[in-house]
Amino acid sequence: MTKSLDIVFEDDDIIVINKPSNLLTIATSLQKVETLYHFVSNYVKQRYGKNSKIFIVHRLDKMTSGLVVFAKSYQVKLALQNIFEQGKVTRKYHAIVTDKPKFENGEIINYLIQDKFGNVFISNKNNKNAKKAITRYRVIEKNNLGYLLDIEILTGRKNQIRIGLANLSCPILGDSKFGGKKARKLYLNAYFLSLAAFKKEYVFKI
């Protein structure tokens, strides 16, 4: 698996991977080894020595494909996570839905909570445990699978795109968890990411 890593970018501070669908970003209690983190860690150890390390900056859902950034030091990890938390990063996705949204473009605002099992639900904004999720979307075109959407997230909440679109009655194709039609994969791809860090402008697109 290490040899088949799709490395989009690498420098002294970070490594950016195009994650395939159906692969966890990091380990869970049920899956420790078959993760993107594990494979990238093996890659850097093989290339730079057994003491080399990587650090998770952010993650994608298991079924979501696309750009994931890893840091090569703990200090870089903290700096990048601070940038993410402050919303100083642009993150865009493509999604295919089988039902066209009522409006050609819009902004989805939900308040999400997560239970002890990791399941995410829409809640009331007055719930002290709820976190605001903001998702913008635009219908690009109709194709043979459905409607292609261009999506930008202004917050990084777990499942926020999937839940937000499902709540508009247009779940993502392949997203059986949130009411989407069955397909060979989840049609959600993180295709664009940009941020400024370490006196550099990073722009990644797949």
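Caption draft 1: Expanded view of the pattern of salt bridges. As enumerated under the stated definition, the model contains eight salt bridges in all. With its nearest N and O atoms 3.3 Å apart, the salt bridge here joins Asp61 to Arg162. With Asp61 in the loop between strand S3 (55-56) and strand S4 (65-71) and Arg162 in helix H3 (residues 160-167), the pair connects residues that are 101 residues apart, well separated along the chain. Residue classification places Asp61 among the buried residues on the basis of a relative accessible area of 19%.

Caption draft 2: Spotlight on the packing of aromatic side chains. The final tally for this structure, using the stated rule, is six aromatic pairs. For the ring pair Phe9 and Phe204, a centre distance of 5.3 Å and an interplane angle of 45 degrees mean the geometry is tilted. Here Phe9, found in strand S1 (residues 7-10), pairs with Phe204, found in strand S11 (residues 200-205); they are 195 residues apart in sequence, far enough to count as distant. For Phe9, a relative accessible area of 27% corresponds to the partly exposed category. Overall, Phe204 belongs to the buried group, its relative accessible area being 5%. Through a chain of ring-to-ring contacts, the aromatic side chains of Phe9, Tyr202 and Phe204 assemble into a single cluster. The ring of Phe192 carries Lys92 above its face, with NZ or CZ at 5.4 Å from the centroid. One cation-aromatic arrangement involves Lys142 over Tyr147; the distance from NZ or CZ to the ring centre is 5.5 Å.

Caption draft 3: Structural view of the environment of Tyr74. You can see Tyr74 is positioned in helix H2 (residues 74-85). Tyr74 gets classed as partly exposed once you look at its relative accessible area, which sits at 43%.

Caption draft 4: Local environment of the pairing of strand S10 (residues 188-197). In terms of residue burial, S10 counts as a mostly covered element, since eight of its 10 residues are buried. As defined by bridge partners, S4 adjoins S10 across two bridges and the pair is classed as parallel. Looking across to S10, one finds that Ser65 is bridged to Asn189. Two elements, strand S5 (residues 89-97) and S10, share seven bridges in a ladder whose sense is antiparallel. In the strand pairing of S10, Lys92 is matched with Phe192. The sheet contact formed by S10 and S11 spans six bridges and is antiparallel. Considered in S11, the bridge of Phe192 is made with Lys205. As consecutive antiparallel partners, S10 and S11 are separated by two residues, and within that stretch Phe198 has a phi angle of approximately 55 degrees, a positive value.

Cut-offs applied
- Residues numbered from 1 in each chain as written.
- Predicted model: local features only at pLDDT ≥ 70, side-chain atom pairs only at ≥ 80, totals over all residues.
- Heavy atoms only, no water.
- Salt bridge = Lys/Arg side-chain N within 4 Å of Asp/Glu carboxyl O.
- Helix = DSSP H or I, 4+ residues; strand = E, 2+ residues; numbered from the N terminus.
- Buried < 20%, exposed > 50% of the residue type's maximum accessible area, 1.4 Å probe, protein only.
- Phe/Tyr/Trp six-rings, centres within 6.5 Å; stacked < 30°, edge-to-face > 60°.
- Lys NZ or Arg CZ within 6 Å of the ring centre and 35° of its normal.
- Pairing = 2+ DSSP bridges.

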